[in-house]
Amino acid sequence: MPMTAVTDHVPTYPMTRGCPFDPPAELARIRDDGCPAGAGVARVRIWDGSTPWLVTRYDDVRAALADERLSADADRDGYPAASRSRRVRSRGRRRSFIMMDGPEHARHRRMLIGEFTVRRIERLRPLVEQTVAELLDAMAAGEDPTDLVQAFALPLPSLVICHLLGVPYADHAFFEAQSRIMVDLTSGAEASAAASDALQDYLAGLVRERLDQPRDDVLGGLAARVAAGDLTVDEASASALLLLVAGHETTANMIALGTLTLLHHPDQLAVVRDGDAAQVRAAVEELLRVLTVTHIGRRRVATEDLEIGGVTIRAGEGVVLAAEAANRDPRQWSHPDEVDVTRGTNRHVAFGFGVHQCLGQPLARLELQIAYPALLRRFPGLRVTVPDSEIPFRDDMAVYGVHALPVAF
């Protein structure tokens, strides 16, 4: 029977990690032991003192991600913003389509989905392979030790997303700096809004250039939509902003954190380094599951009463869907906290699920499937030069990973 309750103990979310590679133990306790509210569902306290519901079990998270009664619209009352900076809408501009619902979200997504089909992304394989090879050549010719983030993990997805969108890579220092401010949970609201404005102004300028000089890239496609009256320049630049930031932040951190994880598991590393294409694909899915670098949960607000895990969520109440806990659910995977790159079917929710599932997942998969084995084969003696305690993990960012990873090769 549905029930409504609030736990006596209201933990803070996001929670402190005990181990840099694993979700907080409190998440596992809520997921596996249950709580007074219901199975795997608990109230948590976020930065502004509000207490949205946290959902931790795989089946519940997956179902909730597909439930139209849970809105992704950050302008709705009760929406549990991840930080103060993420609550502010800079200059009254439109938010990107991932914070839209229903027909509006579908309309914007349809305009881009053709650019990210598996077949279209597969055409980028030679470019990604060449980019990887060139970066590894430069790394081999450079300083040893070096920072893997700056030498390889960050420039690879930045170069590729620039090529796909039509953004000049010469401007990468600018857009990477603004992106860091935007995903920094400690950024002030004004700083975050200013960074968003700066990037959107920059991308709007590129869209306007395409209106005068059409090109066959994503920005060119968005400009064509503007010319046809389907989008405003502001809407086009908001979509481009999402693709640019997500297109390099998430993959860069998966490359670095995934490499560090493999270095801690030499037997698993050997499978990735020496395996065939199918084994590498399976390994990438396992790393995506285990690491789940979007570790602040998918945020939603209920538009009507609904039940999740035996708990009644009332209209207007916030909901946080903890993919990092769901991807370690023992009901779905045996020994879920172990890294096993030989697992079979791996239906993780690292890319979300439902209508808001990550548009760029084929590109991320392609980059990871090429990057990991190429790096490990080129540098078989790759090693981290400091203990884990001295690695700056990104606990302060919306996308988890490492700020730097000093390695020798």
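Residues numbered from 1 in each chain as written. Predicted model: local features only at pLDDT ≥ 70, side-chain atom pairs only at ≥ 80, totals over all residues. Heavy atoms only, no water.

Visitor: Even after reading the chapter, I still don't get the overall build of the protein, so can you show me in this structure?
Guide: Per the secondary structure count, the protein includes 15 helices and ten strands. Against the compact-globule benchmark of 22 Å for 409 residues, the protein has a radius of gyration of 21 Å, which places it among compact chains. Seen through its principal axes, the protein has C-alpha atoms that stretch 60 × 55 × 35 Å. Here the protein holds 409 residues, and the buried ones make up 55% of them. Pairs at least 24 apart in sequence give 73% of the contacts found in the protein among residues at least 6 apart. As presented, the protein carries roughly 16,800 Å² of accessible surface, and 51% of it is formed by carbon and sulfur atoms. Treating the 45 positive side-chain charges of the protein as one cloud and the 56 negative ones as another, the clouds have centres 3 Å apart. (Helix = DSSP H or I, 4+ residues; strand = E, 2+ residues; numbered from the N terminus. Rg over C-alpha atoms; globule rule 2.2 N^0.38 Å. Buried < 20%, exposed > 50% of the residue type's maximum accessible area, 1.4 Å probe, protein only. Contact = heavy atoms within 4.5 Å. Areas by Shrake-Rupley, 256 points an atom, 1.4 Å probe, with all protein chains shown as cover. Lys, Arg positive; Asp, Glu negative; His and termini not counted. Charge placed at Lys NZ, Arg CZ, Asp CG, Glu CD.)

Visitor: Sorry if this is basic, but what is going on with the pairing of strand β5 (residues 298-302) here?
Guide: Each regular strand displays side chains that alternate between the two surfaces of the sheet. With five of five residues buried, β5 is to be regarded as a mostly interior element. What you see with β5 is no split at all: Arg-298, Arg-300 and Ala-302 on one side and Arg-299 and Val-301 on the other are buried throughout. Inspection of the sheet shows strand β3 (residues 70-71) paired to β5 by two bridges, in the antiparallel sense. Looking at β5, one finds that Leu-70 is bridged to Ala-302. Looking at chain direction, β5 and strand β8 (residues 318-321) are connected through four bridges and run antiparallel. (Pairing = 2+ DSSP bridges.)

Visitor: Got a minute to help me understand the sheet that holds β5 in this structure?
Guide: Each strand in a sheet pairs with its neighbour through backbone hydrogen bonds, running either in the same direction (parallel) or in the opposite one (antiparallel). If you walk across this open sheet you meet the five strands as β1-β2-β8-β5-β3, and the pairing is mixed. Each of the sheet's edge strands pairs with one partner strand only, and the pair in question is β1 (41-43) and β3. Contacting β2 (53-55), β3, β5 and β8, helix α2 (residues 58-65) runs over the sheet at an angle of about 120° to β8. (Axes fitted to C-alpha atoms, helices over the stretch in contact; angles between N-to-C directions.)

Visitor: Mind showing me how you'd approach the sheet that holds strand β4 (residues 146-147) here?
Guide: Across the sheet, three strands lie side by side as β4-β10-β9; this open sheet has antiparallel pairing. In this open sheet, the two strands that pair with only one neighbour each are β4 and β9 (383-384). Of the strand pairs in this sheet, β4 and strand β10 (residues 406-408) are connected by two bridges, and their pairing is antiparallel. Following the sheet pairing, Asp-147 is matched in β10 by Pro-406.

Visitor: Looking at this model, I keep getting lost on the pattern of salt bridges. Mind explaining?
Guide: Pairing is possible between side chains that carry opposite charge, provided their charged atoms lie close to one another. In total, this model carries 21 salt bridges according to the counting rule given. Note that Glu-317 and Arg-43 form a salt bridge whose closest N and O atoms lie 3.0 Å from each other. One end of the pair, Glu-317, is in the loop between β7 (311-313) and β8; the other, Arg-43, is in strand β1, with 274 residues separating them in the sequence. Looking at Glu-317, the relative accessible area reads 16%, which means it is buried. One salt bridge in this structure joins Arg-120 and Glu-115, with 3.1 Å as the shortest N-O distance. Salt bridges here are not isolated pairs; linked through shared partners, they connect Arg-31, Asp-32, Asp-329 and Arg-331. (Salt bridge = Lys/Arg side-chain N within 4 Å of Asp/Glu carboxyl O.)

Visitor: Looking at this structure, I do not really get unusual backbone geometry. What am I missing?
Guide: A cis amide bond links Tyr-13 with the next residue in sequence, Pro-14, at an omega value of 0°. Cis rather than trans, the peptide bond between Asp-144 and Pro-145 has omega equal to 10°. Inspection of the secondary structure assignment puts Pro-145 in the loop between α5 (125-141) and β4. Of note, Thr-292 is a non-glycine position whose phi angle comes to about 40°, a positive value. Along the chain, the position of Thr-292 falls in the loop between α13 (277-291) and β5. Judged by its relative accessible area of 2%, Thr-292 falls in the buried class. The phi dihedral of His-335 is positive, around 50°, even though this residue is not glycine. For His-335, the position within the fold is in the loop between α14 (323-326) and α15 (361-378).

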